[in-house]
Amino acid sequence: MPERLAETLVDLWTPLIILWITLPTCVYMAPMNQAHTLTTGSPLGLSRQSEELRILNRSKRGWVWNQMFVLEEFSGPEPILVGRLHTDLDPGSKKIKYILSGDGAGTIFQINDITGDIHAIKRLDREEKAEYTLTAQAVDWETNKPLEPPSEFIIKVQDINDNAPEFLNGPYHATVPEMSILGTSVTNVTATDADDPVYGNSAKLVYSILEGQPYFSIEPETAIIKTALPNMDREAKEEYLVVIQAKDMGGHSGGLSGTTTLTVTLTDVNDNPPKFAQSLYHFSVPEDVVLGTAIGRVKANDQDIGENAQSSYDIIDGDGTALFEITSDTQAQDGVIRLRKPLDFETKKSYTLKVEAANIHIDPRFSGRGPFKDTATVKIVVEDADEPPVFSSPTYLLEVHENAALNSVIGQVTARDPDITSSPIRFSIDRHTDLERQFNINADDGKITLATPLDRELSVWHNITIIATEIRNHSQISRVPVAIKVLDVNDNAPEFAAEYEAFLCENGKPGQVIQTVSAMDKDDPKNGHYFLYSLLPEMVNNPNFTIKKNEDNSLSILAKHNGFSRQKQEVYLLPIVISDSGNPPLSSTSTLTIRVCGCSNDGVVQSCNVEAYVLPIGLSMGALIAILACIILLLVIVVLFVTLRRHKNEPLIIKDDEDVRENIIRYDDEGGGEEDTEAFDIATLQNPDGINGFLPHDRRGLLRGIPENAA
Ligand SMILES: *[C@@H]1O[C@H](CO)[C@@H](O)[C@H](O)[C@H]1NC(C)=O
Ligand SMILES: *[C@@H]1O[C@H](CO)[C@@H](O)[C@H](O)[C@H]1NC(C)=O
């Protein structure tokens, strides 16, 4: 206030209207009529009035003094006097009238137009509107003519402490690590006060803690909350409720206050080692448990939480370190003991392990408190389990010669019950693997014998499965694969590799190769095949043909002379004996049919036909025999057929007879071509659905048997 008065004094030389500023505090304390009295007779503008008039034009200056103040929230019985307008103008005989316009003129502020007194007729709230700009003017009472230019002034609403501090963002939450040192900053909170921060102490806040001591403290000015005790232990108490108060008026009595709550949570640090719940664990496990099965769990408790409670588990000692392993289950925070290698009750019945749990995340600040690990002993007892028989070998390979005698022993499997109460064992063959029942097994001693003859040329491998069953417990079964390989024996004679047709040119030269033949043998000698060829002993000095063995195991047949003629002899039969190199060797005789043909000059067969000569000259001896044999055979078949039919079904005889006849007739009907003239068509009749009547084939097939039979 005194400063404002001084400013007023300095600038007082200009205005025509003098605003007498009421002292709000005085007004506040004094009744209205007294205020009125106070404002009268202001000495200020009067003394220098004439001078001010002279320098009217210089009056445009920032007037600081042209302000009035009115207290907010005033609610007396009468309107409150804000101030008075007064002009030092000499009106002469005229009466002066004061007019007020601008913010709230007439509604909030009322002026007495004669005296110039301004009253606030409404209760004001600084926090709503802090100042009002108004214009004052002095006019002639009669004419309403302005006696001077309008003058603007401000009414400022003066603050009273009518707002309490408020924590706008509360309630608050904060965390601080446990075991923090004293004075560790936790958080800070801020309250706001709507009152005027510039004027008075209405918005000057001081913070204090109402609840939460002695754990936390607050800095009164900055509201920074700190720990007030060292080494607060989360494991003892995790959460604290702090009640904070903000008080205005600098904390003095009579001020207004607001409170909020702050929840402080201590966060975990690794200040606790793991500790096994038991120092000794007992587990038992059947010897036949599957590898990888969990045998048991050990757990070291840790009062910390999260990763600070995490431990890794290890087996650090004991006689079972090779057989067992421990894995850390981070979810359950325990250690799982598993089987790594098979157990055998009959070998070792119990194991001892020393297991260790060690914190993974160690806080170096607390590592001095001792090792952050713990150990426990685990005893594992192996239980006997009824185990299936065990074969002496995981697989067996047996070999047997294909000519092995029935019931001869091929091989033997053995198995034993590993259990202490060793049960006798019975053997059997899984018949799904031996559908033909090729083998038998002696149920007691596991000897495998031959049940049906073997033939390597049919099947080399007989892979069967043998089952071993404990007599005392039929559910204890083991199976073993047995591969039986059939070894070769020379039991097949060699023969022609194909059906050869040989043609001999009438114009051929002596020594010409008529045909090259090769042989095959179903056996499989170790060193491969080597064939020997020879002519029948009685044919060794055959004047017509000779044979010559080739490098590649094949045989060439050569003509000994020239001058072969269809007219003389149409077909030659040459039996050839083929022997293999087995021990003993086997041999067979295959007959090669050689037809004499007419050829071109360069040796291309052109005609093997003999029709022109057959009838007049007659048939060869062999052909004649063949024809006779055919006729006899046909007759026998017909007679047999008819006789059988008659016995079986009388009415059908005639029909069947007719059928037979028809067959013959029909065949004749179809004929008429060149081939009909050949006597060998009878062979076709004899076997109508056989080889389709091509001459060389039929004849050879028919004739080949004769020399063989003879041999
Ligand atoms: C039988 O077993 C033998 C040896 O294991 C194998 O070489 C052969 O291929 C098997 N034969 C069959 C038909 O499974
Ligand atoms: C050799 O051929 C003649 C006719 O060319 C024949 O008479 C004779 O029987 C043939 N010899 C043999 C062993 O086939």
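As the structure is a computational prediction, the values presented were derived from the model and not from experiment.

## Some details on the state of the cysteines
Consideration 1: Here the structure, examined in full by the defined rule, presents 2 disulfides.
Consideration 2: A disulfide bridge connects Cys-505 with Cys-599, and the sulfur atoms are separated by 1.9 Å. Judged by the sign of its S-S torsion, about -80°, the bond between Cys-505 and Cys-599 is left-handed. Here the residue Cys-505 occupies a position in strand 35 (residues 502-505), and Cys-599 occupies one in strand 42 (residues 587-599), the gap between them amounting to 94 residues. Residue Cys-505 shares its accessibility class with Cys-599, and that shared class is buried.
Consideration 3: Disulfide partner of Cys-597: Cys-608, at an S-S distance of 2.0 Å. In this structure the cystine formed by Cys-597 and Cys-608 twists about its S-S bond by roughly 100°; its chirality is therefore right-handed. With Cys-597 in strand 42 and Cys-608 in the loop between strand 43 (605-607) and helix 5 (611-617), this pair connects stretches of sequence that are 11 residues apart.

## What to know about the site of ligand 2
Consideration 1: In the vicinity of ligand 2, the contacting residues are Asn-542, Pro-543, Asn-544, Gln-569 and Tyr-572.
Consideration 2: Between an oxygen atom of ligand 2 and a side-chain N or O atom of Asn-544, the distance comes to 2.6 Å.
Consideration 3: At 3.1 Å from an oxygen atom of ligand 2 is found a side-chain nitrogen or oxygen belonging to Tyr-572.
Consideration 4: The fraction of the free accessible surface of ligand 2 (360 Å²) that becomes covered by protein chains is 54%.
Consideration 5: Across the shell around ligand 2, the residue classes tally to 2 nonpolar, 3 polar and no charged.

## Considering the confidence of the model for the chain
Consideration 1: Chain-level pLDDT for the chain is 79 on average; 79% of the residues reach the 70-or-more range.
Consideration 2: A low-confidence stretch, residues 612-618 stays under pLDDT 50, and its non-local contacts, those more than four residues away or across chains, total 3 contacts.
Consideration 3: Scored below 50 in pLDDT, residues 651-711 shows 61 contacts in the model against residues more than four places distant or in partner chains.

## Quick word on the pairing of strand 17 (residues 280-286)
If a strand is regular, its side chains alternate between the two faces of the sheet.
Consideration 1: Covered by surrounding structure in strand 17 are Tyr-281, Phe-283 and Val-285 only, the residues Leu-280, His-282, Ser-284 and Pro-286 on the alternate face being uncovered.
Consideration 2: Relative to strand 24 (residues 373-383), strand 17 runs parallel, the two sharing 7 bridges. Bridging across to strand 24, Leu-280 finds its partner in Thr-377.

## Regarding the packing of aromatic side chains
Consideration 1: Applying the stated criterion to the full structure yields 15 aromatic pairs.
Consideration 2: Ring plane angle 75° and centroid distance 5.2 Å describe the contact between Phe-109 and Tyr-132, whose orientation is recorded as edge-to-face. Within this pair, whereas Phe-109 is found in strand 5 (residues 109-111), its partner Tyr-132 is found in strand 7 (residues 131-140), the two being separated by 23 residues in sequence. Exposure class is identical for Phe-109 and Tyr-132. Each is buried.

## Looking at the layout of surface pockets
Consideration 1: Of the pockets and cavities examined, the second largest pocket occupies roughly 480 Å³.
Consideration 2: Lining the second largest pocket are 22 residues; nearest its centre among them are Asp-488, Val-489, Asp-524, Pro-525 and Lys-526.
Consideration 3: Broken down by element, the lining of the second largest pocket gets its largest block of residues, 3 residues, from strand 33 (residues 477-487).
Consideration 4: In terms of residue class, the lining of the second largest pocket is built from 6 nonpolar, 8 polar and 8 charged.

## Looking at the sheet that holds strand 4 (residues 96-102)
Paired through their backbone hydrogen bonds, the strands of a sheet run either parallel or antiparallel.
Consideration 1: Strand order in the open sheet formed by 4 strands is 2-8-7-4, and the pairing between neighbours is mixed. Lying at the two open borders of the sheet, with one neighbouring strand each, are strand 2 (67-71) and strand 4. Within the sheet, the average angular offset between the axes of one strand and its neighbour, ignoring direction, is 30°.
Consideration 2: Sheet analysis places strand 7 next to strand 8 (residues 151-158), joined by 6 bridges and oriented antiparallel. From the neighbouring strand, Glu-131 faces strand 8, where its bridge partner is Lys-156.

What counts, and at which threshold
- Residues numbered from 1 in each chain as written.
- Chains lettered and ligands numbered in written order.
- Predicted model: local features only at pLDDT ≥ 70, side-chain atom pairs only at ≥ 80, totals over all residues.
- Heavy atoms only, no water.
- Disulfide = S-S within 2.5 Å.
- Helix = DSSP H or I, 4+ residues; strand = E, 2+ residues; numbered from the N terminus.
- Buried < 20%, exposed > 50% of the residue type's maximum accessible area, 1.4 Å probe, protein only.
- Near = heavy atom within 4 Å.
- Polar contact = N/O pair within 3.5 Å; in protein donor to acceptor, adjacent residues only side chain to side chain.
- Areas by Shrake-Rupley, 256 points an atom, 1.4 Å probe, with all protein chains shown as cover.
- Nonpolar A, V, L, I, M, F, W, Y, C, P; charged D, E, K, R; others polar.
- pLDDT = per-residue confidence, 0-100.
- Contact = heavy atoms within 4.5 Å.
- Pairing = 2+ DSSP bridges.
- Phe/Tyr/Trp six-rings, centres within 6.5 Å; stacked < 30°, edge-to-face > 60°.
- 1 Å grid on protein atoms, 1.4 Å probe; cavity = no way out; pocket = protein on both sides within 12 Å on 5 of 7 lines; lining within 4 Å.
- Points joined across faces, edges and corners; volume = space filled by probe spheres on them.
- Axes fitted to C-alpha atoms, helices over the stretch in contact; angles between N-to-C directions.

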